[in-house]
Amino acid sequence: ENTPLPNNRILFDMANRMGSIDESGDLHWEPKISERVGRISTPSVTDGDAVYLPNASVLIKYEPESDTSVWTYEAFDAITSSITIHDDLVIFGAEDNSVYALDRVTGEQVWRFQTNDYVRAGPIGVGQTVYIGSADGTVYAVDRRQGDERASLELDGPVGSLGQSGEFLYAGTTAGLYGLKKGPT
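Here is a short report on the structure shown in this document. (Residues numbered from 1 in each chain as written. Predicted model: local features only at pLDDT ≥ 70, side-chain atom pairs only at ≥ 80, totals over all residues. Heavy atoms only, no water.)

Another point: the sheet that holds strand β11 (residues 98-103). Within the open sheet, the 4 strands sit side by side as β9-β10-β11-β12. Their pairing is antiparallel. Looking at which strands have only one partner, the edges of the open sheet turn out to be β9 (84-86) and β12 (109-114). Across the sheet, the mean angle separating the axes of adjacent strands is 20° when strand polarity is ignored. Strand direction decides the pairing type here: strand β10 (residues 89-93) and β11, joined by 5 bridges, are antiparallel. The partner of Gly-93 across the bridge, within β11, is Val-99. (Pairing = 2+ DSSP bridges. Helix = DSSP H or I, 4+ residues; strand = E, 2+ residues; numbered from the N terminus. Axes fitted to C-alpha atoms, helices over the stretch in contact; angles between N-to-C directions.)

And the structure:
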(Lines give C-alpha, C1' and ligand atoms only; values in the text may rest on other atoms or scores of the structure.)
Protein backbone atom coordinates (compact mmCIF):
# COMPACT_ATOMS: atom_id res chain seq x y z
CA GLU A 1 0.00 0.00 0.00
CA ASN A 2 1.29 3.46 -0.87
CA THR A 3 1.73 5.89 2.01
CA PRO A 4 1.39 9.69 1.56
CA LEU A 5 4.41 11.63 2.84
CA PRO A 6 5.36 15.31 3.26
CA ASN A 7 6.26 17.26 0.10
CA ASN A 8 3.62 15.31 -1.88
CA ARG A 9 5.81 12.20 -1.98
CA ILE A 10 4.56 8.62 -2.05
CA LEU A 11 6.52 5.84 -0.39
CA PHE A 12 6.41 2.51 -2.19
CA ASP A 13 7.54 -0.93 -1.09
CA MET A 14 6.85 -3.61 -3.69
CA ALA A 15 8.36 -6.22 -5.97
CA ASN A 16 11.84 -6.13 -4.43
CA ARG A 17 12.00 -2.35 -4.76
CA MET A 18 11.27 0.56 -2.47
CA GLY A 19 11.63 4.31 -2.59
CA SER A 20 9.68 7.56 -2.85
CA ILE A 21 8.15 9.22 -5.88
CA ASP A 22 6.39 12.52 -6.46
CA GLU A 23 2.90 13.00 -7.92
CA SER A 24 4.22 12.76 -11.47
CA GLY A 25 5.95 9.44 -10.76
CA ASP A 26 9.52 10.79 -10.68
CA LEU A 27 11.80 8.84 -8.33
CA HIS A 28 13.22 10.97 -5.49
CA TRP A 29 14.71 8.43 -3.11
CA GLU A 30 15.74 4.81 -3.45
CA PRO A 31 17.87 3.07 -0.82
CA LYS A 32 21.14 1.40 -1.63
CA ILE A 33 20.65 -2.16 -0.40
CA SER A 34 22.57 -5.37 -0.87
CA GLU A 35 22.08 -7.78 -3.73
CA ARG A 36 20.76 -10.35 -1.22
CA VAL A 37 17.44 -8.55 -1.18
CA GLY A 38 15.08 -11.02 -2.73
CA ARG A 39 11.82 -10.88 -0.86
CA ILE A 40 9.87 -8.29 0.97
CA SER A 41 9.65 -9.45 4.56
CA THR A 42 7.33 -7.65 6.96
CA PRO A 43 5.28 -4.44 6.84
CA SER A 44 6.88 -1.08 7.43
CA VAL A 45 6.29 0.61 10.77
CA THR A 46 6.49 4.26 11.84
CA ASP A 47 7.41 5.99 15.09
CA GLY A 48 5.96 9.37 14.11
CA ASP A 49 9.15 10.87 12.67
CA ALA A 50 10.54 7.98 10.66
CA VAL A 51 9.50 4.87 8.79
CA TYR A 52 11.33 1.57 9.33
CA LEU A 53 11.44 -0.39 6.09
CA PRO A 54 12.38 -4.08 6.22
CA ASN A 55 13.38 -5.80 3.01
CA ALA A 56 14.82 -9.32 3.28
CA SER A 57 17.72 -8.98 5.76
CA VAL A 58 17.97 -5.18 5.53
CA LEU A 59 16.25 -2.65 7.79
CA ILE A 60 16.25 0.99 6.69
CA LYS A 61 15.28 3.98 8.82
CA TYR A 62 13.78 6.51 6.42
CA GLU A 63 12.79 10.10 7.29
CA PRO A 64 9.96 11.31 5.06
CA GLU A 65 10.45 15.00 5.92
CA SER A 66 13.96 15.06 4.42
CA ASP A 67 13.25 12.18 1.97
CA THR A 68 16.46 10.40 3.05
CA SER A 69 17.56 7.22 4.74
CA VAL A 70 19.12 7.82 8.17
CA TRP A 71 20.70 4.43 8.65
CA THR A 72 20.72 0.92 7.23
CA TYR A 73 21.24 -2.26 9.23
CA GLU A 74 21.82 -5.70 7.74
CA ALA A 75 20.88 -8.73 9.84
CA PHE A 76 22.46 -12.15 9.24
CA ASP A 77 19.29 -13.48 7.59
CA ALA A 78 15.81 -12.39 6.50
CA ILE A 79 13.75 -10.24 8.86
CA THR A 80 10.72 -12.41 9.52
CA SER A 81 8.80 -10.78 12.37
CA SER A 82 7.01 -7.49 12.52
CA ILE A 83 9.07 -4.61 13.85
CA THR A 84 8.48 -3.31 17.37
CA ILE A 85 9.36 0.18 18.53
CA HIS A 86 9.87 0.10 22.31
CA ASP A 87 11.24 3.25 23.94
CA ASP A 88 14.65 3.86 22.35
CA LEU A 89 14.84 0.46 20.63
CA VAL A 90 13.82 -1.00 17.28
CA ILE A 91 13.30 -4.75 17.83
CA PHE A 92 12.69 -7.54 15.29
CA GLY A 93 13.09 -11.28 14.76
CA ALA A 94 14.92 -13.01 11.95
CA GLU A 95 15.29 -16.29 10.13
CA ASP A 96 18.73 -16.80 11.79
CA ASN A 97 16.98 -17.70 15.10
CA SER A 98 17.74 -14.27 16.54
CA VAL A 99 15.97 -11.20 17.85
CA TYR A 100 17.81 -7.93 17.27
CA ALA A 101 17.48 -4.71 19.27
CA LEU A 102 18.85 -1.60 17.58
CA ASP A 103 19.27 1.93 18.87
CA ARG A 104 16.49 3.98 17.27
CA VAL A 105 18.72 7.00 16.64
CA THR A 106 21.96 5.41 15.41
CA GLY A 107 20.87 1.99 14.10
CA GLU A 108 23.68 0.37 16.13
CA GLN A 109 22.99 -3.10 17.52
CA VAL A 110 22.31 -2.89 21.26
CA TRP A 111 21.82 -6.64 21.74
CA ARG A 112 21.03 -9.86 19.92
CA PHE A 113 19.13 -12.70 21.58
CA GLN A 114 19.53 -16.22 20.19
CA THR A 115 16.66 -18.76 20.22
CA ASN A 116 16.72 -22.34 18.94
CA ASP A 117 14.66 -21.66 15.80
CA TYR A 118 13.48 -18.79 13.61
CA VAL A 119 11.41 -15.92 15.02
CA ARG A 120 8.28 -14.83 13.15
CA ALA A 121 6.20 -13.60 16.07
CA GLY A 122 6.58 -9.85 16.55
CA PRO A 123 8.36 -9.08 19.83
CA ILE A 124 6.37 -7.22 22.49
CA GLY A 125 7.98 -4.65 24.78
CA VAL A 126 6.43 -4.04 28.19
CA GLY A 127 8.34 -1.88 30.64
CA GLN A 128 11.84 -3.34 31.05
CA THR A 129 10.91 -6.68 29.45
CA VAL A 130 10.77 -7.82 25.82
CA TYR A 131 8.69 -10.93 25.11
CA ILE A 132 9.82 -13.14 22.25
CA GLY A 133 7.99 -16.07 20.66
CA SER A 134 10.11 -18.53 18.69
CA ALA A 135 9.43 -21.43 16.35
CA ASP A 136 11.32 -23.52 18.92
CA GLY A 137 8.01 -23.50 20.87
CA THR A 138 9.25 -21.15 23.59
CA VAL A 139 8.16 -17.74 24.84
CA TYR A 140 11.13 -15.85 26.25
CA ALA A 141 11.16 -12.83 28.57
CA VAL A 142 14.37 -10.85 28.11
CA ASP A 143 15.77 -7.73 29.70
CA ARG A 144 15.09 -4.72 27.51
CA ARG A 145 18.46 -3.07 28.22
CA GLN A 146 20.88 -6.01 27.85
CA GLY A 147 18.88 -8.74 26.07
CA ASP A 148 19.56 -11.22 28.89
CA GLU A 149 17.01 -13.98 29.43
CA ARG A 150 14.83 -13.43 32.51
CA ALA A 151 12.45 -16.37 32.05
CA SER A 152 11.13 -18.78 29.43
CA LEU A 153 8.17 -21.09 28.98
CA GLU A 154 7.99 -24.02 26.56
CA LEU A 155 4.66 -24.45 24.76
CA ASP A 156 3.25 -27.26 22.62
CA GLY A 157 4.30 -25.98 19.22
CA PRO A 158 6.09 -23.25 17.29
CA VAL A 159 5.06 -19.73 18.33
CA GLY A 160 3.82 -17.83 15.29
CA SER A 161 2.27 -14.79 16.94
CA LEU A 162 2.27 -12.80 20.17
CA GLY A 163 -0.30 -10.34 21.46
CA GLN A 164 -1.12 -8.63 24.71
CA SER A 165 -4.15 -7.31 26.52
CA GLY A 166 -4.08 -6.03 30.07
CA GLU A 167 -1.98 -8.31 32.24
CA PHE A 168 -2.00 -11.16 29.73
CA LEU A 169 0.35 -12.13 26.92
CA TYR A 170 -1.15 -14.34 24.21
CA ALA A 171 0.90 -16.80 22.19
CA GLY A 172 -0.47 -18.41 19.06
CA THR A 173 1.11 -21.78 18.25
CA THR A 174 0.37 -24.66 15.91
CA ALA A 175 -1.21 -26.40 18.94
CA GLY A 176 -3.51 -23.52 19.92
CA LEU A 177 -3.72 -20.18 21.69
CA TYR A 178 -2.17 -19.70 25.12
CA GLY A 179 -2.98 -16.92 27.58
CA LEU A 180 0.00 -16.24 29.84
CA LYS A 181 -0.03 -13.88 32.80
CA LYS A 182 2.84 -11.42 32.42
CA GLY A 183 5.40 -11.26 35.23
CA PRO A 184 6.87 -8.12 36.74
CA THR A 185 8.28 -5.78 34.11
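With a phi close to 55°, Asp-87 is a non-glycine residue in the positive phi region. Inspection of the secondary structure puts Asp-87 in the loop between β9 and β10. On the accessibility criterion, Asp-87 (44% relative accessible area) is partly exposed. A positive phi is found at Asn-97, a non-glycine position, where the angle reads about 70°. (Buried < 20%, exposed > 50% of the residue type's maximum accessible area, 1.4 Å probe, protein only.)

What follows deals with the packing of aromatic side chains. Applying the stated criterion to the full structure yields 5 aromatic pairs. A ring pair is formed by Tyr-52 and Trp-71, whose centres lie 6.0 Å apart and whose planes are at 50°; its orientation type is tilted. Taken together, the positions of Tyr-52 in strand β6 (residues 51-55) and Trp-71 in strand β8 (residues 68-74) put the pair 19 residues apart, joining distant regions of the chain. On the accessibility criterion, Tyr-52 (0% relative accessible area) is buried. Judged by its relative accessible area of 7%, Trp-71 falls in the buried class. Between Tyr-73 and Tyr-100 the ring centres are 5.9 Å apart and the planes differ by 65°, which places this aromatic pair in the edge-to-face class. Pair noted here: Tyr-73 is in strand β8 and Tyr-100 is in strand β11, with a separation of 27 residues, a long-range link. This pair shows no difference in class: Tyr-73 is buried, exactly as Tyr-100 is. The rings of Tyr-73, Phe-92 and Tyr-100 are connected pair by pair, giving a single aromatic cluster. (Phe/Tyr/Trp six-rings, centres within 6.5 Å; stacked < 30°, edge-to-face > 60°.)

This part covers the pattern of salt bridges. Going through the model one piece at a time under the given rule, you end up with 7 salt bridges. Where Asp-88 meets Arg-144, a salt bridge forms, and the shortest distance between an N and an O atom there is 2.4 Å. Residue Asp-88 is located in the loop between β9 and β10, and its partner Arg-144 is located in the loop between β15 (138-143) and β16 (149-154); the two are separated by 56 residues in the primary sequence. Note on Asp-88: relative accessible area 38%, which makes it partly exposed. (Salt bridge = Lys/Arg side-chain N within 4 Å of Asp/Glu carboxyl O.)

The 3 strands are arranged β17-β18-β19 in an open sheet whose pairing can be described as antiparallel. Each edge of the sheet is formed by a strand with only one pairing partner; in this case those strands are β17 (159-165) and β19 (176-181). In this sheet, adjacent strand axes meet at a mean angle of 20° when their direction is disregarded. As judged from the 6 bridges shared by strand β18 (residues 168-173) and β19, these two strands associate in the antiparallel manner. When the bridges of β19 are listed, Leu-169 appears paired with Leu-180.

Moving on to a nonpolar patch on the surface. Together, Phe-168, Tyr-170 and Leu-177 give the surface a local cluster of nonpolar side chains, amounting to about 290 Å² of exposed area. Turning to its location among the elements, Leu-177 is positioned in strand β19. (Patch = residues over 30% accessible without salt bridge, like charges linked within 9 Å, V, L, I, M, F, W, Y side chains within 5 Å. Areas by Shrake-Rupley, 256 points an atom, 1.4 Å probe, with all protein chains shown as cover.)

The pairing of β17 with β18 spans 6 bridges and is classified as antiparallel. Counterpart to Val-159 in the pairing with β18 is Thr-173. Taking the residues that link successive antiparallel strands as the turn, the β17-β18 hairpin has 2 residues, and the phi of Gly-166 there is positive, at about 60°. The antiparallel pairing of β18 with β19 creates a hairpin that spans 2 residues between the two strands.

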